[in-house]
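Commentary on secondary and tertiary structure
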Amino acid sequence: MAVSGLRARYGKRTVLEDVSFTLPAGAVGLLGPNGAGKSTLLRILLGFLTPDAGEARVLGRRVQDDPLAIRQMIGFVPEVDCHIPSMSAVSYVAYCGELCGMNARDALQRAHEMLHFVGLGEARYRSIEEYSTGMKQRIKIAQALVHDPKLLLLDEPTNGMDPHGRREVLDLIRDLSRKKGMHVLLSSHLLPDVEYACSWVLMLHQGKVVGQGSLEDLALRRGNHFSVRIRGDRDAFGRALGADGGSMTVAGEDLLQVTLGDGLGTAAIFRAAVAAGVQVRGLEPTRDSLEEIFARAVESH
Amino acid sequence: MPIFDLSYRHWHGTPTPRSRRFLPIAAAGIGPLLRRRAFIFWLVICWVPALVCGVMIYLIVNLAQTQPNLGSSGLFDATEDRFFQFFVGMFFLYLLTSVFAGAGLIANDRRTNALQIYLSKPLRPWDYLLGKASAVAATLGFVTIAPPLALFLLRAGLDRGTTYVRAHPLLPFSIIAGGGLITITLTILSLTVSSLTKSSRTAGVALVMFYVFASALHGMLGILFGGSLPSVLSPLANLQQGLCLLFGREPTYDVSPLVSLAALLLMLAICVRVLWKRVRPVEVVV
């Protein structure tokens, strides 16, 4: 998926401003607070809205040229509660399959499979109108998967779900991207959801891209911060670090957050440990949480 | 057990051509109607006038030798004039059928945000509208075109030779065109009104009110200013004028049927424009 110079406006209000990015395969989180432009971006990728400027390419095709061909390869899970009235779950999902061009027999068979897959096998003959919020979220996923899309777009898929159900849906999304070879774009304002299910994030804030990259890289971006476990005199260790231009804060009983001066590596920690006579029992680069990464990205813009 | 353990298999089938994607929508529109006993009962009621006319045709044909005046006694003798009267007499039933079949089709989808689901599939808004329109048109056609056509076939079948068919060579085409005109008009009108609301009940009431209001306006303006020109404001009057043209009758109103048809066409064009605007996956409120 590649987007360049995308601009979108609702009347006079600019919703997306010069948005450009290229996303890799796998599970990507589209992160941002409410009103950041996430849903607008998804709508443009689906061909629902025409951007004022720029272009978007999905699975190698330009969205503005052939939105139908793209939608054939996409499954979309909308944010809002939506279903087709007066249908049981299995008829609904099968119907969605037929709308995507599956023959009635295949569509019905897939509908049963997908409803089992999302955990609604037992409730598949019930009317959707009787479903709970969590069940409605799941059936939205089932209808999006019925035609076996290459890319799944999910707009706030865990809204209104209880913690257990939320974890199950996130597990499912993770499974789809890691084991079933499906690309996933998960739009959410819930950072833990994105952190759990995705390996790459695109951060939007006030209609602009404020950061993107793999979670691994983003979390390790501050390379001179380390989490250190020691046994011994913490104060002495702190003084020894300070002599080398470093500093530390206490993060737990034996856990310290160490910041080294520019140009210093982990050797400085061991030097300080030797000088202070403490034993280093653990050392790893500090990993920022997604919340910290996002806050930093917003601050830097 | 984690829910994804029930596995996921890829689908390797070939999608049907896009030109046929409206068919499931049409079937999904008709299916629920036909599962309602009340609607089946309604369709039967709509066929009752045709059954009565069928009996009349049978009587006229079989008793013609002993009762030569039966044809001019007011019974249905399957002439152009009688078919015109048949259509006009059935208007009320046509209207209510269009209300039952069409009022909820888009309104219910709007109520449940289903348009987002439809249009996130490889479907154009036209495919969606064509599917919905096909559902209403098929139902209406069963009431508008099928009964008079069955009467024509009955009359032709009861004839020992081809005298009747040769005497009325254009009649089947007039029936199909007349029924088609009514079907298309009522289909588009009912879908348009349906697209303006999120409640099927409101749409139904609004549709009936629209016909009543348009006819009342036509009547009032006719009384106030005289002449028949206000008839162009009423879709039913315009349909009647169109039928006059198709069945070779003098126009009911003192307006050229072509003008009436042009007014009807304009109204339908406006309706299609409204439908096009309303059938959107997302509503952007500026």
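The numbering scheme is per chain: residues are counted from 1 as the chain's sequence reads. Each chain is given a letter, starting from A, and each ligand a number, starting from 1, according to the order in which they appear as written. Totals for whole chains, interfaces and linings use every residue, but because this is a predicted model, local features are given only for residues with pLDDT of at least 70 and side-chain atom pairs only at 80 or more, for both listing and counting. As a rule here, side-chain values cover all heavy atoms of the structure and leave hydrogens and water aside.

1. A closer look at the layout of surface pockets
Of the grid points, spaced at 1 Å and generated over the protein atoms alone, those admitting a 1.4 Å probe that cannot get out make up cavities, while open sets with protein on both sides within 12 Å along at least five of seven lines make up pockets; any residue with an atom within 4 Å of a point is treated as lining. Grid points are joined across faces, edges and corners, and a volume is the space filled by probe spheres set on the points. Estimated volume of the largest pocket: approximately 750 Å³. Lining the largest pocket are 32 residues, with A:S86, B:A28, B:G29, B:P32 and B:L105 sitting closest to its centre. The way it works is that DSSP assigns letters per residue, a run of H or I at least four long becomes a helix, a run of E at least two long becomes a strand, and they are numbered from the N terminus. Secondary-structure elements contributing two or more residues to the lining of the largest pocket are α3 (89-99) of chain A together with α1 (22-34), α4 (91-111) and α10 (200-225) of chain B. Here the second largest pocket defines a volume of roughly 550 Å³. If you trace the second largest pocket, you find 30 residues lining it, with A:R43, A:E79, A:V80, B:Q116 and B:V282 closest to the centre. Looking at the lining of the second largest pocket, the elements that each hand over two or more residues are β2 (13-22) and α1 (38-46) of chain A together with α4 and α5 (114-120) of chain B. Tallying contributions element by element places α1(A) first for the lining of the second largest pocket, with 5 residues. Residues are sorted three ways: Asp, Glu, Lys and Arg are charged, Ala, Val, Leu, Ile, Met, Phe, Trp, Tyr, Cys and Pro are nonpolar, and all the rest, Gly among them, are polar. Residues belonging to the lining of the second largest pocket are distributed by class as follows: 11 nonpolar, 7 polar and 12 charged.

2. Things to note about the sheet that holds strand β13 (residues 255-259) of chain A
Residue and element names in this part refer to chain A. If DSSP finds at least two bridges between two strands, the strands pair. Taken in spatial order, the 4 strands of this open sheet run β12-β13-β11-β14, and their pairing is antiparallel. Two strands close off the open sheet at either side, each with one partner strand: β12 (247-250) and β14 (279-285). Direction aside, the axes of adjacent strands within the sheet are offset by 30° on average. Contacts are assigned to residue pairs that have any heavy atoms within 4.5 Å of one another. Throughout, an axis means a line fitted to C-alpha atoms (over the contacting stretch in the case of helices), and angles, computed between N-to-C directions, take values from 0 to 180 degrees. Across the face of the sheet, helix α9 (residues 234-243) comes into contact with β11 (225-231), β12 and β13 while running at roughly 155° to β12.

3. What to know about the pattern of salt bridges
A pair is scored as a salt bridge if a Lys or Arg side-chain nitrogen falls within 4 Å of a carboxyl oxygen belonging to Asp or Glu. In the structure shown here, the tally under the stated rule is 16 salt bridges over all chains. Between A:D193 and A:R166 there is a salt bridge, with its nearest N and O atoms 2.6 Å apart. One end of the pair, A:D193, is in helix α7 (residues 191-197); the other, A:R166, is in helix α6 (residues 163-179), and 27 residues separate them in sequence. Using a relative accessible area of 25% as the deciding quantity, one classes A:R166 as partly exposed. B:R249 serves as the salt-bridge partner of B:D81, at 2.6 Å between the closest nitrogen and oxygen. With a gap of 168 residues between them, B:D81 in helix α3 (residues 80-89) and B:R249 in the loop between α11 (235-246) and α12 (257-278) connect regions that are remote in the sequence. Exposed residues in this analysis have more than 50% of their type's maximum accessible area, buried residues have under 20%, and partly exposed residues fall in between, with area computed by a 1.4 Å probe over protein chains only. When its relative accessible area of 36% is taken as the criterion, B:D81 is described as partly exposed.

4. Remarks on the packing of aromatic side chains
What describes a pair of aromatic rings is the distance from one ring centre to the other and the angle between the planes of the rings. Residues and elements named next belong to chain A. The aromatic pairing rule takes the rings of Phe, Tyr and Trp, using the six-membered ring of Trp, and pairs them if the centres are within 6.5 Å, calling planes under 30 degrees apart stacked, those over 60 edge-to-face and the rest tilted. This model, assessed by the stated rule, comprises 12 aromatic pairs over all chains. Here F48 and F76 contribute two aromatic rings whose centre-to-centre distance is 6.0 Å and whose plane-to-plane angle is 85°, an arrangement assigned as edge-to-face. With F48 in the loop between α1 and β4 (53-58) and F76 in strand β6 (residues 74-77), this residue pair connects regions lying 28 residues apart in the sequence. F76 shares its class with F48; the two are buried.

5. Observations regarding the nonpolar core
Ranked by size, the top nonpolar core spans 157 residues in total, and within it B:F83 and B:Y118 carry the most contacts. With 10 residues, the top contributor of residues to this core is α4(B). If you look at the next biggest cluster of nonpolar residues, it comprises 16 residues, including A:A236, A:A240, A:A273 and A:V278. Nonpolar cores were defined as sets of buried Ala, Val, Leu, Ile, Met, Phe, Trp, Tyr and Cys residues, with membership established by side-chain atoms within 4.5 Å.

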